[in-house]
Amino acid sequence: MTEISRSRSLRFLLFSLHFISGLSDDSPSSKNSSKTKSNANSNTGTKLVIIFVGLVAIGLFSFFLFKLWQKKKRDEQYARLLKLFEEDDELEVELGLRD
């Protein structure tokens with residue numbers, strides 16, 4: 001089972017590296033191109049890095065908000081539980097169990 005997951009991981013890694021290396025054009029004809037094309041490639045890489053960092057930040061922020069929401073819900077449920085089991089003197093007086 002671990003061999004299958006290693007194989008899949010290796011394929012994914014190789015595919016990712018191929019995709020990333022495909023973003024930079026290192027063919028012999030591109031070496032004769034002007035600096036403008038090289039600058040455009042670095043701009044593309046910079047944009048990708050900024051987008052990736054932005055997505056990671058959004059993911060972390062969403063995770064933080066989810067954990068905050070879970071804590072709030074847990075506190076509300078705990079308060080409801082305490083209210084359910086607290087002694088209610090008015091109810092005992094109304095039922096005539098206590099004066």
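Not measured: the values here are computed from a predicted model.

Some points on the overall build of the protein chain
Line of reasoning, step 1. Regarding its fold elements, the protein chain presents four helices and zero strands.
Line of reasoning, step 2. When the helices and strands of the protein chain are listed from N to C terminus, the series reads α-α-α-α.

So, a nonpolar patch on the surface
Line of reasoning, step 1. Where nonpolar side chains cluster on the molecular surface, the patch consists of Val49, Phe52, Val53, Val56 and Leu60 and spans about 490 Å² of accessible area.
Line of reasoning, step 2. With respect to the helices and strands, the residue Val53 is situated in helix 3 (residues 35-85).

Digging into the confidence of the model for the protein chain
Line of reasoning, step 1. On average, the protein chain scores 77 in pLDDT, and the residues at 70 or more come to 57%.
Line of reasoning, step 2. Between the elements of the protein chain, mean pLDDT differs from a low of 52, seen in helix 2 (residues 28-31), to a high of 91, seen in helix 3.

Procedures and definitions
- Along every chain, residues carry numbers that run from 1 in the direction the sequence is written.
- Note on the predicted model: pLDDT of at least 70 is required for a residue's local features to be given, and 80 or more for side-chain atom pairs to be given and counted; whole-chain, interface and lining totals, by contrast, use all residues.
- Heavy atoms throughout the structure, all of them, feed into the side-chain values; hydrogens and water do not.
- Strands here mean DSSP runs of E at least two residues long; helices mean DSSP runs of H or I at least four residues long; both are numbered from the N terminus.
- Excluding any residue in a salt bridge, patches collect residues exceeding 30% relative accessible area, merging like charges within 9 Å and nonpolar Val, Leu, Ile, Met, Phe, Trp and Tyr side chains within 5 Å.
- To measure how exposed things are, a 1.4 Å probe is used in the Shrake-Rupley method; for residues, cover is taken only from the protein chains shown.
- The working definition used for a salt bridge is a side-chain nitrogen of Lys or Arg within 4 Å of a carboxyl oxygen of Asp or Glu.
- For every residue, the predictor assigns a confidence score, pLDDT, that lies between 0 and 100.

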